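What follows is the residue order along each chain.
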Amino acid sequence: MDTYLLAELSINCNGLTTRLTYTSARLIIVTDSGYRLWYIEIDGMTQTSLLRMFSESEDIRVELSGVTAGGRAFEAVGYFHPNEMHRAAAIRGDGELPGF
């Protein structure tokens, strides 16, 4: 398992790009028996209306782009899972994460 702290993270849903504001976010990549999956954990989100929008929506697919704390840029597709109560979210990766 590899973990990368994220310096920047933006999502695009329905043609609208939003740069996420948070206290911490990390990209986690898990490799098991030759299969690789990834997800992002986000804590301390200040965009409560965005969390609410995703909790009420059936369409949680997002295109995302980000930069790790080490300066490594990435783009991918995932599914945004909000946690309004804890001002947090998780993005479950869909497919490969090019460059990782």
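As a reminder, the structure under discussion sits directly above these lines.
A quick note: this is a predicted structure, and the numbers were derived from the prediction, not measured.

Here we come to the nonpolar core. Core analysis: the biggest nonpolar cluster contains 26 residues, and Leu9, Ile40, Ile42, Leu64 and Phe80 have the highest contact counts within it. Listing elements by their share of this core, those giving two or more residues are strand E1 (2-13), strand E3 (24-32), strand E4 (35-43), helix H1 (48-56), strand E5 (61-68), strand E6 (73-83) and strand E7 (88-93). It is E1 that provides the largest number of residues to this core, a total of 4 residues. If we skip the residues at most four places from it in the chain, leucine 9 touches Thr18, Arg19, Leu20, Tyr22, Ile40, Ile42, Leu64, Ser65, Gly66, Phe74 and Ile91.

Following the sequence through the fold, valine 62 ends up in strand E5. A residue is classified by how much of its surface remains accessible, and valine 62, at 0% relative accessible area, is buried. C-alpha separation for the pair valine 62 and serine 10, spaced 52 residues apart in sequence, amounts to 9.6 Å. In this view, valine 62 contacts Ile11, Asn12, Cys13, Phe54, Ala76, Val77, Gly78, Phe80 and Ile91; residues no more than four positions away in its chain are not counted.

A few words on the pattern of salt bridges. The final tally for this structure, using the stated rule, is 3 salt bridges. We note a salt bridge from arginine 26 to glutamate 41, for which the minimum N-O separation is 2.5 Å. Taken as a pair, arginine 26 in strand E3 and glutamate 41 in strand E4 lie far apart in primary sequence, 15 residues in all.

A separate point is unusual backbone geometry. Phi is positive for asparagine 14, close to 55°, though the residue is something other than glycine. Within the fold, asparagine 14 resides in the loop between E1 and strand E2 (16-19). The exposure class of asparagine 14 is exposed, given its relative accessible area of 70%.

Definitions and limits used
- Residues numbered from 1 in each chain as written.
- Predicted model: local features only at pLDDT ≥ 70, side-chain atom pairs only at ≥ 80, totals over all residues.
- Heavy atoms only, no water.
- Core = buried A, V, L, I, M, F, W, Y, C linked by side-chain atoms within 4.5 Å.
- Buried < 20%, exposed > 50% of the residue type's maximum accessible area, 1.4 Å probe, protein only.
- Helix = DSSP H or I, 4+ residues; strand = E, 2+ residues; numbered from the N terminus.
- Contact = heavy atoms within 4.5 Å.
- Salt bridge = Lys/Arg side-chain N within 4 Å of Asp/Glu carboxyl O.

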